[in-house]
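Letter by letter, the chains look like this.
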Amino acid sequence: MEKRVYNFSPGPAMLPLPALEEAQRDLLALPGVGISILEISHRSKTFDDIIGQAEANLRRLLAIPDNYRVLFMQGGAQLQFAMVPMNYLRGSGKKADYVLTGSWGKKALQQAKTQGEVRVVWDGQATNYDRIPEQGQLDLDPDAAYVHITSNETIQGVQFPTEPDTGDVPLVCDSSSDFLCRPVPVERYGILYACAQKNAGPAGVTIVIIRDDLVARAPADLPSMLNYRVFAEGKSVLNTPPVFAVYIVKLVTDWLLREIGGLDKMLEINRQKVSRLYETIDRCEGFYEAHAAPGSRSLMNVAFRLASPDLDKPFLEQAEQRGLAALKGHRSVGGCRASIYNAMPVEGVETLCDFMLKFCEKHKA
Ligand SMILES: *Cc1c(COP(=O)(O)O)cnc(C)c1O
């Protein structure tokens, strides 16, 4: 088999090896079925069981209350950017509040503007999105249609340490890049959505956890595929769902439950990985500079710059030679970014830290 490298890509990202191995082993024929997951009918009992288990795993991992639906949708997180305002802003006579902590939140806002009136209740632009606001800095409207946040900004590497208090206004959250990285109090959210390709599976499926009263309120005059109520009534199989992607979500959540032991354990491991990385950056102070401010730092994406942009190229090339792939940062932040999602092993982070220390020794002025 081709050797696997440590893939620090922001997404699609590394998947847990045991999940990939199980998928590989069973690819030609699912045990006891004799048909590949790629060939099976989405109306079969086999798939019904798989999607049911994926949902049950998510319910267990996140302790999802009974008054929430779990939907498996398509169109990525970006379709949710549009669907949320289509269902709950358009025609509501209200405005929607958006907290802008980075690039994805801005994209969500752009989509909402096509459906109704929005307010930006905080914008981190002044410091190039290096921090998360304090509760007191949010200019929230108690009569807003909803408040939208991005719990983890993948590009800037900033993450809400806890969710803001939005009172009775539904909190809507794009959790694409930190879904399942730690326990979350689902009952504090109206809608929590995440595309799968960062932490939960492959591209093609988006998980939407949505409270019953919001499901019931979806307007009747929307096309079925864009209507949360119709989609929920259709149990996520209104049309042919992304069967393979749902299957991998089932395997990844099996891994989280059986091999990791739940989200408290996952959080402990994620904390260990991210501390190692920031300690390394701090040890080379003046050579590496972290983008995110302390207190706002993401467990999942670590953005940092080198002493000079001229060093980016040799850094990335030499990292690649050591089997450390996809460390290039986003142009809006510059430098490098290590995405260390759940499936990145501790050894991957240790190998990176070791490389970073040696590179700093060799190149610091
Ligand atoms: C990757 C990402 C997205 C984009 O999701 P698509 O599935 O490509 O639409 C949206 N939000 C965040 C926070 C992301 O990390």
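A. Inspection of the packing of helix 8 (residues 263-283) against helix 10 (residues 346-363) at higher detail. Viewed as axis vectors pointing N to C, helix 8 and helix 10 meet at an angle of 0°, and their least axial separation amounts to 10 Å. Judged on the interaxial angle alone, helix 10 and helix 8 are roughly parallel. Contact with helix 8, carried on its side by Ile 269, Gln 272, Lys 273, Arg 276, Leu 277, Thr 280, Ile 281 and Arg 283, involves Val 346, Val 349, Glu 350, Leu 352, Cys 353, Met 356 and Leu 357 of helix 10 and no other residues of that element. Class assignment for the residues of the contact of helix 8 with helix 10 results in 9 nonpolar, 2 polar and 4 charged.

B. Broad picture of the nonpolar core. Phe 72, Tyr 288 and Phe 315 are the most contacted members of the largest nonpolar core, which has 94 residues in total. The element that contributes the greatest number of residues to this core is helix 7 (residues 243-260), accounting for 12 residues. What Tyr 288 contacts, discounting residues up to four positions off in sequence, is Ile 281, Phe 304, Arg 305, Leu 306, Phe 315, Met 356, Phe 359 and Cys 360. Membership of the second largest hydrophobic core comes to 32 residues, among which are Ala 77, Ala 145, Leu 222 and Phe 231.

C. Expanded view of the domain arrangement of the protein. Taken as a whole, the protein is organised into domain 1 (6-16 + 261-363) and domain 2 (17-260). Each of domain 1 and domain 2 has a C-alpha centre, and these two points are 26 Å apart. Listed per partner, the contact involves 33 residues of domain 1 and 39 residues of domain 2. Buried surface at the junction of domain 1 and domain 2, both sides included, amounts to about 2800 Å², of which 60% is carbon and sulfur. Of all residues in domain 1, Leu 15, Pro 16 and Leu 263 give up the largest surface area on contact with domain 2, accounting jointly for 27% of the area buried on that side. Seen at the junction of domain 1 and domain 2, the total is 0 salt bridges. In this structure, the connection of domain 1 to domain 2 is made through 20 residue pairs in polar contact (both at pLDDT 80 or more). The set of elements that each furnish at least two residues to the side of domain 1 that touches domain 2 consists of helix 8 and strand 12 (301-306). Of the residues forming the side of domain 1 that touches domain 2, the biggest block, 7 residues, is contributed by helix 8. Here the residues of the side of domain 1 that touches domain 2 are counted per class, giving 17 nonpolar, 12 polar and 4 charged.

D. Representation of the site of the ligand in the model. Close to the ligand lie 14 residues; Gln 78, Thr 154, Asp 174, Gln 197 and Lys 198 are nearest. At 3.1 Å from an oxygen atom of the ligand is found a main-chain nitrogen or oxygen belonging to Ala 77. Relative to its unbound accessible surface of 390 Å², the ligand loses 88% to contact with the protein. At 4 residues, helix 3 (residues 76-88) tops the list of elements feeding residues into the shell around the ligand. Its residues assigned to classes, the shell around the ligand shows 4 nonpolar, 8 polar and 2 charged.

Here is what the cut-offs are and how they apply
Residue indices follow the written sequence of each chain, beginning from 1 at its first position. This being a predicted model, a pLDDT of at least 70 is required before a residue's local features are given, and a value of 80 or more before pairs of side-chain atoms are given or counted; all residues contribute to the totals for chains, interfaces and linings. Calculation of side-chain values draws on the structure's entire complement of heavy atoms; hydrogens and water are dropped beforehand. The angle between two axes is taken between their N-to-C directions and runs from 0 to 180 degrees, where each axis is a line fitted to C-alpha atoms and a helix contributes only its stretch in contact. The numbering of helices and of strands both runs from the N terminus, where a helix is a DSSP run of H or I of at least 4 residues and a strand a run of E of at least 2. Should an angle fall under 35 degrees it is taken as roughly parallel, and over 145 as roughly antiparallel, whereas 65 to 115 is taken as roughly perpendicular and any remaining angle as oblique. We call two residues in contact when some of their heavy atoms are within 4.5 Å. Any residue outside Ala, Val, Leu, Ile, Met, Phe, Trp, Tyr, Cys, Pro, Asp, Glu, Lys and Arg is labelled polar, Gly included; the first ten of those are nonpolar and the last four are charged. For the purposes of this section, nonpolar cores are sets of buried Ala, Val, Leu, Ile, Met, Phe, Trp, Tyr and Cys residues that join through side-chain atoms within 4.5 Å. Each residue's exposure class comes from its accessible area (1.4 Å probe, protein chains only) as a fraction of the maximum for that residue type: buried when under 20%, exposed when over 50%, partly exposed otherwise. The start and end points of each domain follow an automatic or database-based domain assignment. Throughout, buried area stands for the accessible area (probe radius 1.4 Å) lost by two parts on being put together, summed over both. Take a side-chain nitrogen of Lys or Arg and a carboxyl oxygen of Asp or Glu: if they are within 4 Å of each other, that pair is a salt bridge. What qualifies as a polar contact is a pair of N or O atoms within 3.5 Å, subject to a donor-acceptor requirement within protein and to the restriction that residues adjacent in sequence count only when both atoms come from side chains. For this description, a residue counts as near a given molecule or strand if any of its non-hydrogen atoms is within 4 Å of it. All accessible-area figures derive from a Shrake-Rupley calculation using a 1.4 Å probe, and residue coverage is judged against the displayed protein chains alone.

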